[in-house]
Structures are given as C-alpha cells and as structure tokens.
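Architecture and fold: a report
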Amino acid sequence: MKILVTVKEVAEVEDDFEIDGLGIDEAYLEYDLNEWDDYAVEEAVQIAEAGDDVEVVSVTIGPERSEETIRMALAKGADRAIRVWDDAFEDVQLLDVAAKTRLLAAVVEQEQPDLVLTGVQAADDGFGATGVSVADEVGFEWAAVVNELDLDAEGGVANVRRELEGGVEELTEVDLPAVLTIQTGINDPRYASLRGIRQAQRKEIAPMGLDDLGLDASALDSPIELTGMREPESESDATIFEGDAGETAAQLAEVLREKGVGAQ
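Here's what I pulled together on the structure shown here. (Residues numbered from 1 in each chain as written. Predicted model: local features only at pLDDT ≥ 70, side-chain atom pairs only at ≥ 80, totals over all residues. Heavy atoms only, no water.)

Within the protein chain, the secondary structure is distributed over six helices and 13 strands. For the protein chain, the spread of C-alpha atoms along the principal axes amounts to about 75 × 45 × 40 Å. Expressed as a percentage of its 264 residues, the buried residues of the protein chain come to 39%. Within the protein chain, contacts between residues separated by at least 24 positions form 69% of all contacts whose residues are at least 6 apart in sequence. In the form shown here, the protein chain has an accessible surface area of approximately 15,200 Å², with 44% of it arising from carbon and sulfur atoms. Side-chain charges in the protein chain split into 19 positive and 63 negative, and the spacing between the mean points of these groups amounts to 5 Å. (Helix = DSSP H or I, 4+ residues; strand = E, 2+ residues; numbered from the N terminus. Buried < 20%, exposed > 50% of the residue type's maximum accessible area, 1.4 Å probe, protein only. Contact = heavy atoms within 4.5 Å. Areas by Shrake-Rupley, 256 points an atom, 1.4 Å probe, with all protein chains shown as cover. Lys, Arg positive; Asp, Glu negative; His and termini not counted. Charge placed at Lys NZ, Arg CZ, Asp CG, Glu CD.)

In structure tokens:
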C-alpha cells in the first residue's frame, strides 16, 4: 500500500514586521511545517506502523529552502519525499488552488497511491480547497475535515468521521483510492527523534520539475493577481498599563472612573 501525504512550508510572521513590495520582508519570516499537514503525516505514519508493506511518500511544492521542512516529515517516519520546483516557478507571483491541483494531480498520476492525505488547510493562505480539488482532478473519492480514520486496506475502504457545519459529525465510508483532508486533533503528532533526524538525512528527496510531471509553464497560470499588501488599520486603540500589580490596578481604576464605570 502507498500513502501520499502533501505537506507545505508556511511562513510565520514576527509581531513587528515590514512590508516589502507585495510581500513581507524575508527578515521577519520564519518557516515551518504547516500545522494541519503535521497531523496528516502522523496519521500516515501510524497507518504504516500498524500495517505491513506500507510506503509513506511526502510531496511538497517549494524551493530548495523547503527541503528542511520536508525532512521533518521524513524524520517522523515518511519513507521518501518529492519536491516540485524549477526555474519556471521563480516568476510566478501566486500559486493558487488550481495551479497546485495541476501539479499535485500530476504527482498522483505518477505515484499511483492508494490513499492521499492532506491537511484541511494551510496556515498562511487558508484556502482549504486543494485536497478536494486534487481528488476531483484525478477522479478519487474524498472526504474533507476528517477527525477519525479507520482504514480497512484489505476491504479497500476508509471508515471516517468528519466534521460538518454547525458542529454536526458524519460517519461514512470512502472507497479507495481516496483523498482525505485531515483535521487537527485526529492524533498527537510526534516529535522527530534524534535517530529519526539522522535517518532523514539519508532518505531521498526527489526533485521534480514541470517536464518531469509532463506539464509546461501554462500549468502555473492563475487568474488571481496580487495587487497590493498593507497592514490593516486598527479599529481601536489599546492602552497597556505598565508597572507592578498595584500600579496597574490604580491606572485601570482611574480609566474606569474617567469612563463613568460604576458611577451612580
């Protein structure tokens, strides 16, 4: 059995930052594995540990810098990884869901996995549509926002519990091959052990460009254009009281008196 897990490197922004053109200055960004994808990796590794002859392959779309992130998936138990990127990506302003779908669908076509796991959404853009879009593109069944998974590989079925609107949960069966988008809380993602980190350095990360996937530059086209970026204006001012407990309490009391709070 083969499980393909999509992972994404996301940027975390410092509290104080500066905007440089259409993006945030790199000096104020730190990169990490997307939180939702961490749960997807853990779910795949647990399935591999519980079964026989299960291969876990992680795939990401990103520059060479993102190999540090994808190696975290390898350190946690993925067997090998694929990184999709080439020079054509350098001039792309924004990879939207449609573009990512075309790229990941091409990887699925090559790898022919029995199960594809993705995070429900990404912490940076919050699109939350890529997994389902990939399933539609490759013709797999799918279930979104999965918070419990019982895989019956011999029967070719995934029994899942998924979140619906309004706090409703649904129990359903999904025939394999399938795409499942994984919700946080489905498991407890492990920390990468020192042994796992060392092993990850020896595991394969296969670079793939558009030619390798049978695609051309048109696969990166998007109708979405980023025209500007700005820090939103604050709707209200916040007052920060400084000092010890007595001093801050006195300052707060003074403000409340000025606002007429407690006045008869």
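Turning next to the packing of helix α3 (residues 97–111) against helix α4 (residues 130–138). Think of two packed helices as two axes; the pair is described by the angle between the axes and how far apart they sit. At a closest axis distance of 9 Å, the pairing of α3 and α4 adopts a crossing angle of 55°. Considering their axes alone, α3 and α4 lie oblique with respect to each other. In this structure, α3 crosses over α4, and the sense of that crossing is right-handed. Two secondary-structure elements touch here, α3 through Val97, Lys100, Thr101, Leu104, Ala105, Val108 and Glu109 and α4 through Thr130, Ser133, Val134, Glu137 and Val138. Residues that form the contact of α3 with α4 fall into these classes: six nonpolar, three polar and three charged. (Axes fitted to C-alpha atoms, helices over the stretch in contact; angles between N-to-C directions. Parallel < 35°, antiparallel > 145°, perpendicular 65-115°, else oblique. Left-handed = near helix turned anticlockwise from the far one by under 90°. Nonpolar A, V, L, I, M, F, W, Y, C, P; charged D, E, K, R; others polar.)

A few words now on a nonpolar patch on the surface. On the surface, a cluster of nonpolar side chains totalling about 240 Å² of accessible area is made up of Leu252, Leu256 and Val261. Of note, Leu256 is situated in helix α6 (residues 245–258). (Patch = residues over 30% accessible without salt bridge, like charges linked within 9 Å, V, L, I, M, F, W, Y side chains within 5 Å. Salt bridge = Lys/Arg side-chain N within 4 Å of Asp/Glu carboxyl O.)

Let us now look at the packing of aromatic side chains. Scanning the entire structure with this criterion turns up one aromatic pair. Here Trp85 and Phe89 contribute two aromatic rings whose centre-to-centre distance is 4.6 Å and whose plane-to-plane angle is 25°, an arrangement assigned as stacked. Trp85 sits in the partly exposed class, given a relative accessible area of 21%. It is Arg65 that lies over the ring of Tyr31; its NZ or CZ is 3.9 Å from the centre. (Phe/Tyr/Trp six-rings, centres within 6.5 Å; stacked < 30°, edge-to-face > 60°. Lys NZ or Arg CZ within 6 Å of the ring centre and 35° of its normal.)

Spatial strand order, β11-β10-β9-β12-β8-β1-β6-β7-β13: nine strands in an open sheet with mixed pairing. Taken across any chain shown, the strands that pair with only one partner, and hence form the sheet edges, are β11 (169–175) and β13 (205–208). Pairwise comparison of adjacent strand axes, ignoring direction, gives a mean angle of 35° for this sheet. Each of β1 (2–6), β6 (55–61), β7 (80–84), β8 (115–119) and β13 touches α3; the most contacted strand, β6, lies at about 155° to it. (Pairing = 2+ DSSP bridges.)

Across seven bridges, the pairing between strand β10 (residues 157–163) and β11 is antiparallel. Bridging from a neighbouring strand, Arg162 pairs with Glu170 of β11. Counting the residues between successive antiparallel strands, the hairpin from β10 to β11 contains five residues, one of them, Gly166, with a positive phi of roughly 75°.

A separate point is the nonpolar core. If you look at the biggest cluster of nonpolar residues, it comprises 34 residues, and the most contacted ones within it are Val5, Leu117 and Leu180. The set of elements that each furnish at least two residues to this core consists of β1, α1 (35–50), α2 (67–75), β8, β9 (141–152), β10 and β12 (178–182). Top contributing element to this core by residue count: α1, with seven residues. For Leu180, the contacting residues outside a window of four places in its chain are Leu115, Val116, Leu117, Thr118, Ala143, Val146, Leu149, Ala158 and Val160. Counting 25 residues, the second largest nonpolar core, distinct from the first, contains Leu4, Leu103, Ala105 and Met208. (Core = buried A, V, L, I, M, F, W, Y, C linked by side-chain atoms within 4.5 Å.)

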